[in-house]
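# Structural description and commentary
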Amino acid sequence: MNNIINNMYISELETYFLDLGEKKFRAKQLFEAIHKQKIKNLDKLTTFSQDLKDKINNSSEIYGVKKVLELKSKLDETKKYLFELHDENVIESVLMKYKYGYTVCISTQVGCKMGCAFCASTKKGLIRNLYASEMLDEIYEIERLNDINVSNIVLMGSGEALDNFDELIRFIELISAKEGKNLSKRNITISTCGLADKILKLAEYDYPITLTISLHNADEEERKKIMPITRKYPFDELIPALKEYQAKINKRISFEYVLIDGLNDSYQSALDIKNLLKDIKSHINLIPLNKIKEYDEEPSTSENINKFKKYLEDFGFNVTIRRELGADINASCGQLRNNYLEQ
Ligand code: SAH
């Protein structure tokens, strides 16, 4: 196994340095250099002798990201990045500016195998999982390129984070480590299409993160048509898992609901949501479908979106309509990578 030094906990770096015949305290120094000072390579590491740097360079790897393309929205301050990995795969990340600070939306896998009908990220299948270090470097590289500090992270880019569970946990631990970026776990949002068993496994970690479920239809048969994962994790597994998760981690669970014209925006669809989520403390985000060329449906009209919101509010739900950022740069994930691969 390669020693991927930007993917290691301090304890693992300690073992690494001891194996090299070096002192243990180097581990914390290197960890801080990578995760706090955000060095890209060892050149700038003045506290290490050239000898030691050579030794490290000869026995380890740094798996990060390299900018291939940056698109800036003319409508707001959103920027979209296409990054290349060490094996020449490419992924996308998005930087968004909100009143409360900078948020980065990261990819967790190269491609995706979940097969949602409306999603561009899954159209070319799953290539591989990302290492935690690659997920981290999506954020660090955006911070370096823009000279900013990112305060919120959403795992809502390409891929299914819970399908890359071990690296997801490593990512959360590394980014929140006090010797590193020290980001509050409260400022992390994980979005999933509903892998019930992994949701239960995540509950064991007791993280105060925000959990978001991509729902998109509360009628099981209809959901199967657009989200094949419903066959593997039907509602009678997903809903009890969410209740158990919420009993342990006493936070509202968010639900994403992409509104598709004539498919899931009727009063009946709102009623289905009411019945499905009646025992869960929730927040619902309504998002107009972002058109992709592989899916021949239209977003709901703004009139229907407002009506749908009203139905849900009348049922007592907490609802927001997601403000679309970066509308002119295809800021929803997967489309930029697909265009790039098809060139
Ligand atoms: N696998 C995770 C995260 C990736 S998708 C999940 O399923 O949640 C992030 C969000 O974008 C999901 O809610 C997804 O359903 C939504 N999404 C995907 N394609 C979209 C599109 N064309 N228009 C609007 N939202 C889309």
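Residues numbered from 1 in each chain as written. Predicted model: local features only at pLDDT ≥ 70, side-chain atom pairs only at ≥ 80, totals over all residues. Heavy atoms only, no water.

### Observations regarding the nonpolar core
Ranked by internal contacts, the top residues of the largest apolar core, which has 102 residues, are Phe-171, Leu-202, Leu-242, Leu-277 and Ile-284. A total of seven residues in this core trace back to one element, the largest contributor, which is helix H5 (residues 165-176). With residues up to four places along the chain from it excluded, the contact list for Leu-202 reads Leu-162, Phe-165, Ile-169, Ile-190, Tyr-207, Ile-209, Leu-211 and Tyr-245. With five residues, the next largest nonpolar core counts Val-94, Cys-105, Val-154 and Leu-325 among its residues. (Core = buried A, V, L, I, M, F, W, Y, C linked by side-chain atoms within 4.5 Å. Buried < 20%, exposed > 50% of the residue type's maximum accessible area, 1.4 Å probe, protein only. Helix = DSSP H or I, 4+ residues; strand = E, 2+ residues; numbered from the N terminus. Contact = heavy atoms within 4.5 Å.)

### Description of the UniProt feature "binding site: [4Fe-4S] cluster" (unreviewed entry) in the protein
Taken from the UniProt record, the annotation "binding site: [4Fe-4S] cluster" (unreviewed entry) applies to Cys-112, Cys-116 and Cys-119. In this structure Cys-112 touches Ser-121, Thr-122, Gly-125, Leu-126, Gly-159 and Glu-160, once residues within four positions along its chain are discounted. By relative accessible area, Cys-119 is classed as partly exposed at 25%. (UniProt positions renumbered as here; feature names shortened; annotations may be inferred.)

### Things to note about the environment of Leu-215
By secondary structure assignment, the location of Leu-215 is in the loop between strand S9 (210-214) and helix H7 (220-226). The exposure class assigned to Leu-215 is buried, which follows from its relative accessible area of 3%. Placed 40 residues apart in sequence, Leu-215 and Phe-255 show a C-alpha to C-alpha distance of 6.1 Å. For Leu-215, the residues in contact, after removing those within four places along its chain, are Arg-223, Met-227, Phe-235, Phe-255, Glu-256, Tyr-257, Leu-276 and Leu-277.

### Some words on the UniProt feature "domain: Radical SAM core" (unreviewed entry) in the protein
Here the UniProt feature "domain: Radical SAM core" (unreviewed entry) sits at residues 98-328. Along residues 98-328 the backbone is 36% helical and 20% strand, and the end-to-end C-alpha distance reaches 18 Å.

### Overview of the side chain of Asn-164
Within the secondary structure layout, Asn-164 lies in the loop between strand S7 (150-155) and H5. A residue is classified by how much of its surface remains accessible, and Asn-164, at 4% relative accessible area, is buried. From its side chain, Asn-164 meets the backbone oxygen of Leu-130 in a polar contact 2.9 Å long. (Polar contact = N/O pair within 3.5 Å; in protein donor to acceptor, adjacent residues only side chain to side chain.)

### Remarks on the pairing of strand S10 (residues 253-259)
Counting buried positions along S10 yields seven of seven residues, so the element is predominantly enclosed. Alignment of S9 against S10, held across three bridges, turns out to be parallel. Its bridge partner being in S10, Thr-212 is matched across the sheet by Ser-254. Bridge count between S10 and strand S11 (residues 282-288): seven bridges; the pairing is parallel. Looking at the pairing, Ile-253 lines up with Ser-282 of S11. Of the crossover connections in this fold, the one passing from S10 over helix H10 (residues 267-276) to the parallel S11 is right-handed. (Pairing = 2+ DSSP bridges. Right-handed = clockwise from strand over helix to strand, strands pointing away.)

### Digging into the environment of Lys-281
By the secondary structure assignment, Lys-281 is in the loop between H10 and S11. According to the relative accessible area criterion, Lys-281 is partly exposed, its value standing at 42%. Spatially, the C-alpha atom of Lys-281 lies 14 Å from that of Glu-256, the residues being 25 residues apart in sequence. Setting aside residues up to four positions removed in sequence, Lys-281 forms contacts with Gln-246, Asn-250, Arg-252 and Ile-253. A polar contact of 2.5 Å, which involves the side chain of Lys-281, links it to the side chain of Asn-250.

### Describing the site of the ligand
Taken together, 15 residues are adjacent to the ligand, and Phe-118, Ser-191, Ser-214, His-216 and Asn-290 come closest. For the ligand, a nitrogen atom lies 2.9 Å from a polar atom in the backbone of Phe-118. For the ligand, whose free accessible area comes to 530 Å², the fraction covered by protein is 89%. When residues of the shell around the ligand are traced back to their parent elements, those giving at least two are strand S8 (188-192) and S10. Among the residues forming the shell around the ligand, the class breakdown is six nonpolar, seven polar and two charged. (Near = heavy atom within 4 Å. Areas by Shrake-Rupley, 256 points an atom, 1.4 Å probe, with all protein chains shown as cover. Nonpolar A, V, L, I, M, F, W, Y, C, P; charged D, E, K, R; others polar.)

### Observations concerning the sheet that holds strand S2 (residues 79-84)
Within the open sheet, the 10 strands sit side by side as S1-S2-S3-S4-S7-S8-S9-S10-S11-S12. Their pairing is mixed. At either margin of the open sheet sits one strand with a lone partner, and together these are strand S1 (66-72) and strand S12 (319-321). Averaged over neighbouring strand pairs, the angle between their axes works out to 25 degrees when direction is ignored. Examined bridge by bridge, S8 and S9 share four bridges and lie parallel to one another. In the sheet register, Ile-190 faces S9, and the bridge partner there is Leu-211. Contacts from helix H4 (residues 132-146) reach S1, S2, strand S3 (90-98), strand S4 (101-105) and S7, with the element oriented near 120 degrees to S2. (Axes fitted to C-alpha atoms, helices over the stretch in contact; angles between N-to-C directions.)

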